[in-house]
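Take a look at the letters that make up each chain.
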Amino acid sequence: MRRLGYTHPVTSEAPAPTLLDDEALEYLGRLGEQMEFSEGETILHRGETRSDFWVLLQGEADVLVPTDGPTGETIIRLGPGESFGELAIFRSAPTSADVVAVTSVTVLRYPGEYLPTALAECGPLRRSLLSRMAHLIHRQTAATLGLAKQTRALADLYQGALD
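Draft legend 1. Structural context of the packing of aromatic side chains. One pass over the full model with this rule turns up 2 aromatic pairs. Measuring from ring centre to ring centre gives 5.7 Å for tryptophan 54 and phenylalanine 84, while their planes differ by 5°; the resulting arrangement is stacked. In this pair, tryptophan 54 is assigned in strand E3 (residues 52-58) and phenylalanine 84 in strand E6 (residues 83-84), connecting sequence segments 30 residues apart. Taking relative accessible area as the criterion, tryptophan 54 reaches 3% and is therefore assigned buried. Put simply, the rings of Phe37, Trp54 and Phe84 touch in pairs and so form one group of aromatic residues.

Draft legend 2. Spotlight on the sheet that holds E6. Across the sheet, 4 strands lie side by side as E1-E8-E3-E6; this open sheet has antiparallel pairing. The strands lining the two open edges of the sheet, one partner per strand, are strand E1 (33-37) and E6. Direction of pairing for E3 relative to strand E8 (residues 105-111): antiparallel, over a ladder of 6 bridges. Looking at the pairing, phenylalanine 53 lines up with tyrosine 110 of E8. Along the sheet, helix H1 (residues 22-31) contacts E1, E3 and E8; its crossing angle with E8, the most-contacted strand, is approximately 70°.

Draft legend 3. Representation of the nonpolar core within the structure. If you look at the biggest cluster of nonpolar residues, it comprises 18 residues, and the most contacted ones within it are Leu28, Phe53, Val55 and Leu125. Sorting the residues of this core by element identifies H1, E3, E8, helix H3 (115-121) and helix H4 (123-162) as the ones contributing at least two each. Top contributing element to this core by residue count: H1, with 4 residues. Of all hydrophobic cores here, the second largest spans 16 residues; its members include Phe37, Ile43, Ala97 and Val99.

Draft legend 4. Local environment of H1. Those residues of H1 that sit buried are Ala24, Leu25, Tyr27 and Leu28. Around the axis of H1, the buried residues are gathered within 165° of arc, so they sit on the same side. Turned more than 90 degrees away from the buried face of H1, the exposed residues are Glu26 and Arg30. Structurally, H1 contributes buried residues whose contacts are with E3, E8, H3 and H4. Of the residues that open H1, the one with a side-chain oxygen 3.1 Å from the backbone nitrogen of glutamate 23 is aspartate 21.

Cut-offs used in this document
Residues numbered from 1 in each chain as written. Predicted model: local features only at pLDDT ≥ 70, side-chain atom pairs only at ≥ 80, totals over all residues. Heavy atoms only, no water. Phe/Tyr/Trp six-rings, centres within 6.5 Å; stacked < 30°, edge-to-face > 60°. Helix = DSSP H or I, 4+ residues; strand = E, 2+ residues; numbered from the N terminus. Buried < 20%, exposed > 50% of the residue type's maximum accessible area, 1.4 Å probe, protein only. Pairing = 2+ DSSP bridges. Contact = heavy atoms within 4.5 Å. Axes fitted to C-alpha atoms, helices over the stretch in contact; angles between N-to-C directions. Core = buried A, V, L, I, M, F, W, Y, C linked by side-chain atoms within 4.5 Å. Arc of directions from axis to C-beta. Polar contact = N/O pair within 3.5 Å; in protein donor to acceptor, adjacent residues only side chain to side chain.

Structure follows, in structure tokens:
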């Protein structure tokens, strides 16, 4: 089984599990389309209503959410083997972020309407995607708990200054 992994250059934490093994790639490749994007090119635009499932095959891309400024805030950098677009599919909602190529990238675009069938039929894809989503939820929960602790500490400092 071949798996592509990626180590985030900005964090020492273990990367999220990837879904790329030979069986999952072969399955997705049946209906998927390989596409190439240049550095700086937007792969996926926030607000798009056509939902596709994307797998980054080569290169790096940033996921950006809107901010008050002219550019978005990078919330995660994706590398080979990582996916995006699945949340919009599962939520039946427009995409919530832009995905922009940091380097030249090659992606596999899989039609979103077929993702539920792919997950039912391809065990390795199902297991890997669920594992990746669980990892990301765990990471976000830990970050949220950290912010809650910081908020409590600041509130305590503020209250102490008032006393």
